[in-house]
Amino acid sequence: MAFINWNDSLNLGIVEVDAQHQNLIRLINELHDRVKGGGNQGEIEAVLGEISAEIKEHFAAEERYFDLFLYPERDSHRGIHGLLVRQIDELLEQTRDGAMPVTDSVLQFVKDWFLTHMTGSDLVYAVWMKHKGFVDPQNGRFTQES
Ligand SMILES: [Fe+2]
Ligand SMILES: [Fe+2]
């Protein structure tokens with residue numbers, strides 16, 4: 001059983017976003033497996049670094065669509081993204097320094113944060129974009145490119 005299991009309730013119905021979310025879940029599962037499997041410091045740092053990079057790219061992609069469609073909640077959503085990026089980068093730095101190992105509570109924090117964001121704020125924008133016709137309900141694609 002994976003640390004985070006993908007299931008249909010996590011699908012926002014926007015193919016580009018769902019693919020990025022699935023990739024992030026894969027990386028969080030990988031982090032979990034490395035930590036639990038007694039992976040060495042370098043391996044754990046590498047996965048955390050990948051999570052940090054992919055999450056930034058993903059957030060930037062969402063924010064480009066917020067700006068393109070003038071999503072009314074874009075500032076607060078962007079603020080939430082900024083906070084998570086800072087937390088992940090802090091975690092990465094502490095791991096590099098050897099100041100803090102990736103513990104169960106750290107893994108749980110990353111998992112809870114991500115699932116809460118996907119099924120909360122992300123779901124809200126997905127519903128809004130579909131309602132406004134910015135996403136084609138037939139194929140889950142954006143009707144305009146950012
Ligand atoms: Fe997202
Ligand atoms: Fe988001």
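One structure accompanies this document, and this report is about it. Please read these numbers as outputs of a predicted model, since none were measured by experiment.

1. Comments concerning the coordination of the iron ion (ligand 1)
Put simply, a metal with four donors set out as a tetrahedron has ideal angles of 109.5 degrees, and one with six donors set out as an octahedron has ideal angles of 90 or 180 degrees.
Now for step 1: Bound to the iron ion (ligand 1) on the protein side are His21 (NE2), His58 (NE2), Glu62 (OE) and Asp122 (OD), at distances that span 2.1 to 2.2 Å.
Now for step 2: We note that the donor set of the iron ion (ligand 1) lies within a single chain, spaced as H-x36-H-x3-E-x59-D.
Now for step 3: A distance of 3.5 Å spans the gap from the iron ion (ligand 1) to the iron ion (ligand 2), which Glu62 bridges by coordinating each metal. With His21 in helix α1 (residues 15–36) and Asp122 in helix α4 (residues 104–131), the pair connects residues that are 101 residues apart, well separated along the chain.

2. As for the environment of Phe134
Now for step 1: One can find Phe134 in the segment after α4.
Now for step 2: Owing to a relative accessible area of 17%, Phe134 belongs among the buried residues under this scheme.
Now for step 3: Through-space distance from the C-alpha of Phe134 to that of Tyr65 is 9.4 Å; in sequence the pair is 69 residues apart.
Now for step 4: When residues no more than four places from it in sequence are discounted, the contact partners of Phe134 are Phe69, Trp128, Met129, Arg141, Phe142, Thr143 and Gln144.

3. Remarks on the pattern of salt bridges
Now for step 1: All chains considered together, the criterion is met by seven salt bridges.
Now for step 2: With a shortest N-O distance of 3.2 Å, Glu30 and Arg34 are connected by a salt bridge. Of this pair, Glu30 and Arg34 are both found in helix α1, four residues apart, which corresponds to roughly one turn of the helix.
Now for step 3: Glu30 gets classed as partly exposed once you look at its relative accessible area, which sits at 22%.
Now for step 4: Exposure remark for Arg34: the relative accessible area of 29% places this residue in the partly exposed category.

4. Remarks on the coordination of the iron ion (ligand 2)
Now for step 1: Coordination sphere of the iron ion (ligand 2), protein contribution only: Glu62 (OE), His77 (NE2), His81 (NE2), His117 (NE2) and Asp122 (OD), at 2.2 to 2.3 Å.
Now for step 2: Of note, the iron ion (ligand 2) draws all its donor residues from one chain, in the sequence arrangement E-x14-H-x3-H-x35-H-x4-D.

5. Concerning the packing of helix α3 (residues 74–97) against α4
Now for step 1: For the pair α3 and α4, interaxial distance at closest approach is 12 Å and the crossing angle is 165 degrees. Looking at the two axes, α3 sits roughly antiparallel to α4. Between α3 and α4 the crossing geometry is left-handed. Taking contact as the criterion, the partners of His77, Ile80, His81, Leu84, Gln87, Ile88 and Leu91 in α3 are, on α4, Val106, Phe109, Val110, Trp113, His117, Ser121, Asp122 and Tyr125.

What counts, and at which threshold
Residues numbered from 1 in each chain as written. Chains lettered and ligands numbered in written order. Predicted model: local features only at pLDDT ≥ 70, side-chain atom pairs only at ≥ 80, totals over all residues. Heavy atoms only, no water. Donors = N, O, S within 2.8 Å, 3.2 Å for Na, K, Ca; no water. Helix = DSSP H or I, 4+ residues; strand = E, 2+ residues; numbered from the N terminus. Buried < 20%, exposed > 50% of the residue type's maximum accessible area, 1.4 Å probe, protein only. Contact = heavy atoms within 4.5 Å. Salt bridge = Lys/Arg side-chain N within 4 Å of Asp/Glu carboxyl O. Axes fitted to C-alpha atoms, helices over the stretch in contact; angles between N-to-C directions. Parallel < 35°, antiparallel > 145°, perpendicular 65-115°, else oblique. Left-handed = near helix turned anticlockwise from the far one by under 90°.

Any functional reading would require information beyond the geometric quantities listed.
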